[in-house]
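The lines below spell out each chain.
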Amino acid sequence: MTINHPAPLFQLFWFLILASSSITAKADSVDLIIAADYIVTMDDENTVITDGAIAIDKGLIVAIDSRTSIEKAFTARQKIEGKNRVLMPGLINGHTHAAMTLFRGIADDLPLMEWLTKYIFPAEIRFVNPEFVRTGTQLACLEMIKGGTTTFVDMYFHPREIAKVVDKCGMRAVIGAAVIEQESGYTKDFRDAMNKAESFISQWQGKNSRISPAIAAHAAYTISPDNLKFIRQRANKLGVPISIHLSESRAELEIVNKLYGDTSINHLEGIDFFNGPTIGAHVVWPTENEISILVKRKVGAIHNPTSNMKIASGFAPIPEMIAAGVHVGLGTDGAASNNDLDMWDEIRMAAFIHKGRLLDPKTMPAAMVLNIATSGGAKAIGLGDAVGSLTAGRRADLIQISLEATHLVPLYDVISHLAYAVDAQDVQTVIVDGEILMRDRKVLTIDEDEVIRKARVIAAKVNAEIRSSQ
Ligand SMILES: [Zn+2]
């Protein structure tokens, strides 16, 4: 008789045990699992996981581990296999003028000041309008996605058009509304440029987590100290970073010295310009003291080796800046001075020019040049907590690269291949914020044929007008 009561309780006990164990054993469901023979995480320890996988959910990296562990712990609505593939963080292009793809090859083999004042500034006044910026930026995003770039820092006119393109194509960007004192075709003068920049910021701030609006101050030699101070004041008030061309060429230093009796970085420090997040492009000619200012003020320095060599601006002291503790990133600059947006070229250039310049093959080793293109670059542009390395909790911005091309056979060291042998064409799949932007080299968010057609139409117009005015 007494046995009747414990029996149901006993059954209930086992039911609860089994139910709870089946819950813990049941794999979590995520949006995507992507695998690879090698995952190059670019975390602080430069961890490489062999035969690994990443679980991605709601735009975030949920877990990263061996493939068997991930497949045991998670089920996914979508899976991307990883045989003969590498996964790494998406590349970060820390300085560009995206829409200038439409000026690709318009004027080459000239020094910076002549190139700017005789060709680029006049062409911008004549041709740059919303349609130009929309198409040029689409073309740039297409090229960047196809080359594995997931984030870029832009500096150009009509920033609303840039933001609309980025919003739609799925990339991540810091979009700096260009502020310059002279008439630009987009802005009449400094006041007008600032009003337009602030109205752009108020429209886009907080609207899309992939888009960070910013103010792009052209340079210390094109904007007066009072106006630069005003830019810093407004940027701090609005809570946005400033990007600026910084100590780019000796011609810049001559102008700044003539006007203010100082070098560019000292001059800007003297007016407290670095009193807030700043992304400095180029930084070719800093003195030792100026390098310590960049460290103290946490100014990001973006290295653009191809542009600096093509315009013969010089060699930025990048290994010296990294050793001093400057946050260094890597960029292409605009396609008018590069002439493409291929970050793999920049990775290689950044390794080779400093080895050659310092007669030291050990300087800028493979892992370091990959760092400035990913996690170091993310820190330099103020996004270090969100992107740049493949670690749980960061946004899912990553690229999958094929190891099948002839130039990647054999493979002894995956880091070596990524720095010295991989090309843009080897990038197979690109993911930003958990969304697939390119799958097996097909860009899913931009109509490639249509953009190329529109770009050619605009370029034909530019060409015809330039010829008729010559
Ligand atoms: Zn630039």
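Each value, and the rule that gives it
Residues numbered from 1 in each chain as written. Predicted model: local features only at pLDDT ≥ 70, side-chain atom pairs only at ≥ 80, totals over all residues. Heavy atoms only, no water. Phe/Tyr/Trp six-rings, centres within 6.5 Å; stacked < 30°, edge-to-face > 60°. Helix = DSSP H or I, 4+ residues; strand = E, 2+ residues; numbered from the N terminus. Lys NZ or Arg CZ within 6 Å of the ring centre and 35° of its normal. Buried < 20%, exposed > 50% of the residue type's maximum accessible area, 1.4 Å probe, protein only. Pairing = 2+ DSSP bridges. Right-handed = clockwise from strand over helix to strand, strands pointing away. Polar contact = N/O pair within 3.5 Å; in protein donor to acceptor, adjacent residues only side chain to side chain. Salt bridge = Lys/Arg side-chain N within 4 Å of Asp/Glu carboxyl O. Expected span 1.5 Å × (residues − 1). Contact = heavy atoms within 4.5 Å. Domains from an automatic or database assignment. Buried area = accessible area lost by both parts, 1.4 Å probe. Donors = N, O, S within 2.8 Å, 3.2 Å for Na, K, Ca; no water. Tetrahedral: all angles 85-135°; square planar, octahedral: opposite > 155°, others 65-115°.

*Asks:* Looking at this structure, how should I read the packing of aromatic side chains?
*Replies:* Where two aromatic rings form a pair, the distance of their centres and the angle of their planes describe that pair. Applying the stated criterion to the full structure yields six aromatic pairs. Considering the side-chain rings of Phe352 and Tyr420, the 5.6 Å spacing of their centres and the 15 degrees angle between planes classify their relative orientation as stacked. Highlighted residues: Phe352 in helix H13 (residues 343–358) and Tyr420 in helix H16 (residues 414–420), separated in sequence by 68 residues. An aromatic cluster is defined as three or more aromatic residues linked by ring pairs; in this entry it consists of Tyr156, Phe157 and Tyr186. Directly above the ring of Phe273 sits Arg232, whose terminal nitrogen or CZ lies 5.5 Å from the centroid.

*Asks:* How should the pairing of strand S12 (residues 300–303) be read in this particular structure?
*Replies:* Sheet faces and side chains relate simply in a regular strand, where the side chains alternate between the two faces. Alternating residues of S12 divide into Gly300 and Ile302 and Ala301 and His303, and every residue in both groups is buried. Summarising the sheet, strand S11 (residues 278–282) and S12 pair through three bridges and their orientation is parallel. When the bridges of S12 are listed, Ala281 appears paired with Ile302. In this region the chain leaves S11, passes through helix H10 (residues 288–296) and returns to the parallel neighbour S12; the handedness of that crossover is right-handed. Direction of pairing for S12 relative to strand S13 (residues 328–330): parallel, over a ladder of three bridges. Bridge pairing links Ile302 to Gly329 in S13.

*Asks:* What is the right way to look at the side chain of Thr222 in this model?
*Replies:* For Thr222, the location among the structural elements is in the loop between strand S9 (211–219) and helix H7 (225–238). Engagement of the side chain of Thr222 in a polar contact is seen with the side chain of His218, the distance being 2.9 Å. Among the polar contacts made by the side chain of Thr222, one reaches the main-chain carbonyl oxygen of Ala219 at a distance of 3.3 Å.

*Asks:* Can you walk me through the pattern of salt bridges in this structure?
*Replies:* Side chains bearing opposite charge may pair, as long as their charged atoms lie close to each other. Taken as a whole, this structure holds 26 salt bridges when the rule is applied. Taking the shortest distance from any N to any O, the salt bridge between Lys118 and Glu114 comes out at 3.6 Å. Here Glu114 and Lys118 lie together in helix H3 (residues 112–127), a separation of four residues that amounts to about one turn. With relative accessibility at 28%, the residue Glu114 sits in the partly exposed group. For the salt bridge of Arg134 with Glu161, the shortest nitrogen-to-oxygen distance reads 3.0 Å. Placement of the pair is Arg134 in helix H4 (residues 130–146) and Glu161 in helix H5 (residues 159–169), with a sequence separation of 27 residues. Its relative accessible area of 10% is what places Glu161 among the buried residues.

*Asks:* Whenever I open this one, helix H6 (residues 190–204) confuses me. Can you help?
*Replies:* Each α-helix winds once per 3.6 residues, and so residues spaced three or four apart point in a common direction. Here H6 is 15 residues long and its end C-alpha atoms lie 21 Å apart, about the 21 Å a rise of 1.5 Å per residue gives. Along H6, the residues classified as buried are Phe190, Asp192, Ala193, Met194, Ala197, Glu198, Phe200, Ile201 and Trp204. Where H6 is buried, its residues contact H5, strand S8 (172–179), S9 and H7. Measuring from the backbone nitrogen of Arg191 back to the side-chain oxygen at the start of H6 gives 3.4 Å, which picks out Asp189 as the cap.

*Asks:* Which parts of the structure should I look at to understand the domain arrangement of the chain?
*Replies:* In terms of domain boundaries, the chain breaks down into domain 1 (28–90 + 389–439) and domain 2 (91–387). Domain 1 and domain 2 are separated by 28 Å when their C-alpha centres are compared. Taken together, the contacts link 27 residues of domain 1 with 35 residues of domain 2. Broken down residue by residue, the surface that domain 1 buries against domain 2 is led by Met42, Gly90 and Tyr420, which jointly contribute 24%. Here domain 1 and domain 2 share three salt bridges between them. At the junction of domain 1 with domain 2, the criterion picks out eight residue pairs in polar contact (both at pLDDT 80 or more).

*Asks:* Mind showing me how you'd approach the coordination of the zinc ion here?
*Replies:* For a metal with four donors in a tetrahedral arrangement, the ideal angle between donors is 109.5 degrees, while six donors in an octahedron ideally sit at 90 or 180 degrees. Coordination of the zinc ion by the protein is provided by His95 (NE2), His97 (NE2), His245 (NE2) and Asp333 (OD), with metal-donor distances spanning 2.1 to 2.5 Å. Every donor counted, the four donor atoms about the zinc ion form angles of 84 to 171 degrees at the centre, which fits irregular coordination. Taken in chain order, the donor set of the zinc ion reads H-x1-H-x147-H-x87-D. Taken together, the positions of His95 in strand S6 (residues 91–96) and Asp333 in the loop between S13 and H13 put the pair 238 residues apart, joining distant regions of the chain. By relative accessible area, His95 is classed as buried at 3%. Residue classification places Asp333 among the buried positions, given a relative accessible area of 5%.

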